[in-house]
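Structure assessment
Spelled out from the first residue to the last, the chains are:
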Amino acid sequence: MTQTSTAPPLVPTGRKAGGVGLAVVAGVALAVQSRINGELAVRLADPIGAATISFGSGLLVLAVLVPLLPAGRAGLGHLHTALRERRIRPWQCVGGMCGGFLVATQGLTVPTLGVAVFIVALVAGQSSSSLLVDRAGAGPAGPQPVTTPRLAGAVLTVCAVLLAVGDRIGHPSALALAVLPLLAGLGIAWQQAVNGHVRLVSGSAMVAGLVNFFMGTAVLLVAFVVSVAIGGLPEHLPRGPWWLYVGGTLGIVFIALGAAVVRYTGVLLLGLGMIAGQVTGALLVDTIVPAEAGRPGWNTVLGAVLTLVAVAVAVVPARRRAG
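The text that follows walks through the structure, step by step, so that each part is easy to find.

Definitions and cut-offs
Residues numbered from 1 in each chain as written. Predicted model: local features only at pLDDT ≥ 70, side-chain atom pairs only at ≥ 80, totals over all residues. Heavy atoms only, no water. Helix = DSSP H or I, 4+ residues; strand = E, 2+ residues; numbered from the N terminus. Expected span 1.5 Å × (residues − 1). 1 Å grid on protein atoms, 1.4 Å probe; cavity = no way out; pocket = protein on both sides within 12 Å on 5 of 7 lines; lining within 4 Å. Points joined across faces, edges and corners; volume = space filled by probe spheres on them. Nonpolar A, V, L, I, M, F, W, Y, C, P; charged D, E, K, R; others polar. Phe/Tyr/Trp six-rings, centres within 6.5 Å; stacked < 30°, edge-to-face > 60°. Buried < 20%, exposed > 50% of the residue type's maximum accessible area, 1.4 Å probe, protein only. Salt bridge = Lys/Arg side-chain N within 4 Å of Asp/Glu carboxyl O.

Describing helix α9 (residues 205-231)
Count 3.6 residues to each turn of an α-helix, and residues three or four apart come out pointing the same way. Taking 1.5 Å of rise per residue, the 27 residues of α9 would be expected to cover 39 Å, and the 38 Å separating its terminal C-alpha atoms lies within 8% of that figure. The first or second residue beyond α9 is Gly232, which carries a positive phi of 85°.

Right under this line is the structure:
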């Protein structure tokens, strides 16, 4: 167990850099997924239903693929053995609940806030929670102190959120909506850490994704049943375009890549790469296909840049220790 906690600093620089590059791809996938799920929620007129469709479609894909692949079947066996031998605890397999909440917030807030503000608020929560995850030792690098640079990075990120939504101070409802992705971000670092543990004991990123999507879908189904009991079923499913239904597949990319590379990058570097991808992808999406909130203003762009600076400040100590 002691060797496992000291392994991350020995990861070759090239492999770590490759892991961060894949984390950037995962972040872009999350930004695009946010717009897709937001659009599906508008056309379905049911954010919880849209989230359930997105997560459920990802679960369906993995439920078919994992048993078909030899590595998937072996991974399920390894996970079962690890649970029985208590090398991993059941609570480490419920990270998907945070993912379910994240997808639900996409449908609830993106149509109004736009992808850029959504991502900046998400990043604020993610940056803050990474401090707690590292302090508690939930990540693969073990317990890490809350240093001044990391704390400064978290504070800067919160300032970035305030800057990004500054032009909406006169719209309290928009500011209130920004709290939801902020809360979703709080769960991301913990989700990435526990999914990484599932990946390690199972030996398969797809198995980690399957567990994640199973738990997230279960939570969303309960929420959907409550929603239907209150407001009834949606009138009909949107018939197109086709890309409305690829949010779950993009979620697989986000979850599987994160679970696969966290053992090489650690939670902080993984978060840095994903945040870079999220911010870049969000600005591009909102610029090319503006949401109800319109194209990003100068304050949103500046807030996104400040977010990148804040995360870079927070990750500097980890880079120095890794060197």
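After that view, the rundown keeps rolling.
A few points about empty space enclosed by the protein
Under the counting rule described, the total for this entry stands at 5 cavities of 30 Å³ or more. As for the second largest cavity, its lining consists of 14 residues, of which Gln33, Phe55, Val103, Gly251 and Phe254 are closest to the centre. If one sorts the elements of the lining of the second largest cavity by residue count, helix α10 (residues 247-288) sits on top with 5 residues. Here the residues of the lining of the second largest cavity sort into 7 nonpolar, 7 polar and no charged.

Topic: the packing of aromatic side chains
What the rule picks out here adds up to 1 aromatic pair. When the ring of Phe55 is compared with that of Phe213, the centres are 4.7 Å apart and the planes differ by 35°; the resulting orientation is tilted. With Phe55 in helix α3 (residues 47-68) and Phe213 in helix α9, the pair connects residues that are 158 residues apart, well separated along the chain. Each member of the pair, Phe55 as well as Phe213, is classed as buried.

Things to note about the pattern of salt bridges
If you walk through the whole model with that rule in mind, you get 2 salt bridges. For the salt bridge of Glu39 with Arg43, the shortest nitrogen-to-oxygen distance reads 2.9 Å. Within this pair, Glu39 and its partner Arg43 are both found in helix α2 (residues 13-44), separated by 4 residues, close to a single helical turn. Of the charged contacts in the structure, one is a salt bridge between Glu85 and Arg87, with a shortest N-O distance of 2.9 Å. For Glu85, a relative accessible area of 45% translates into the label partly exposed.

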